[in-house]
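Listed here are the chains, written in short residue letters.
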Amino acid sequence: MDWNTLPDNLPVPIDDGAADHLKAQRELAEIARVNLQATSGPYVNIYTESFERPVLLFIYPRTGQPGVPNPNGWDDIPGARGCTPELCSIKDSVEFFLQLTPRPAIFALSTQGTAYQLEVATRLSLPYPILSDEGLELTRTLHLPTFEVEGETLLKRITLLFNKGRITGLQYPVFPSNQAAQDAQKLFDL
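Here the structure is a predicted model, which is why all the values come from computation and not from measurement.

Definitions and cut-offs
Residues numbered from 1 in each chain as written. Predicted model: local features only at pLDDT ≥ 70, side-chain atom pairs only at ≥ 80, totals over all residues. Heavy atoms only, no water. Helix = DSSP H or I, 4+ residues; strand = E, 2+ residues; numbered from the N terminus. Buried < 20%, exposed > 50% of the residue type's maximum accessible area, 1.4 Å probe, protein only. Polar contact = N/O pair within 3.5 Å; in protein donor to acceptor, adjacent residues only side chain to side chain. Contact = heavy atoms within 4.5 Å. Phe/Tyr/Trp six-rings, centres within 6.5 Å; stacked < 30°, edge-to-face > 60°. Lys NZ or Arg CZ within 6 Å of the ring centre and 35° of its normal.

For the peptide bond that leads from Tyr 172 to Pro 173, omega is -10°, which places it in the cis range. Note that Pro 173 resides in the loop between β9 (166-171) and α5 (180-184). Residue Pro 176 is bonded to the preceding Phe 175 through a cis peptide linkage, with omega at -10°. For Pro 176, the location among the structural elements is in the loop between β9 and α5. In this model, Glu 150 sits at a positive phi of 50°, which is unusual for a non-glycine residue. Summarising the element assignment, Glu 150 is placed in the loop between β6 (146-149) and β7 (152-155). The residue Lys 164 is not glycine, and still its phi comes out positive at about 50°. On the secondary structure map, Lys 164 appears in the loop between β8 (158-163) and β9.

Listed below in structure tokens is the structure:
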């Protein structure tokens, strides 16, 4: 299986309204207590970080691992397949984002554990950290869109832009995944 490409016949996710509540641009003080382990080492508090600079957060379901099969029916779940192409598209667009003023913090996030994510970040040579919401703390606090696969709660693909404690931009659903970074450029007032 080639993790870096997307099959042509993937089902397209629809906007099911599961992220509509995130469009309100209200103060998100409830996430001030959420600290997420990063593959770069330290914990990250998105709320606090967003007061220092904008935070661009690419949320994805899970990355596959070479030699380990995806869950049964993975390619049939709208929006599930394509995490590696998404992470690589972000990598390819980092320079664009870092030229913005103010310069945003860039993170990816999934519900996988940090050790698993560290393998991915190293294998793909990612220049940005992946955050782990393995305990679903951010997921539950923000009521992020999720789905269940083989007993695991996974996040639906969504891109969020935080600024000064608020969500100021979002894209949901994100499809195709390898266009996530390019589409995220539209979240900034350029």
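So, next bit.
Checked against the element boundaries, Gln 171 lands in strand β9. Of the residues examined, Gln 171 reaches a relative accessible area of 15% and is grouped as buried. Here Asp 183 takes part through its backbone oxygen, which lies 2.6 Å from a polar atom of the side chain of Gln 171. Non-local contacts of Gln 171, meaning those with residues more than four positions away in its chain, are made with Ile 158, Thr 159, Ala 180, Asp 183, Ala 184, Lys 186 and Leu 187.

What the rule picks out here adds up to five aromatic pairs. Centre to centre, the rings of Phe 97 and Phe 188 are 5.9 Å apart; their planes meet at 45°, and the pair counts as tilted. Here the residue Phe 97 occupies a position in helix α2 (residues 83-98), and Phe 188 occupies one in the segment after α5, the gap between them amounting to 91 residues. Residues Phe 97 and Phe 188 agree in their burial class; the two are buried. Here the basic side chain of Arg 62 rests over the ring of Trp 74, its NZ or CZ set 5.5 Å away from the ring centre.

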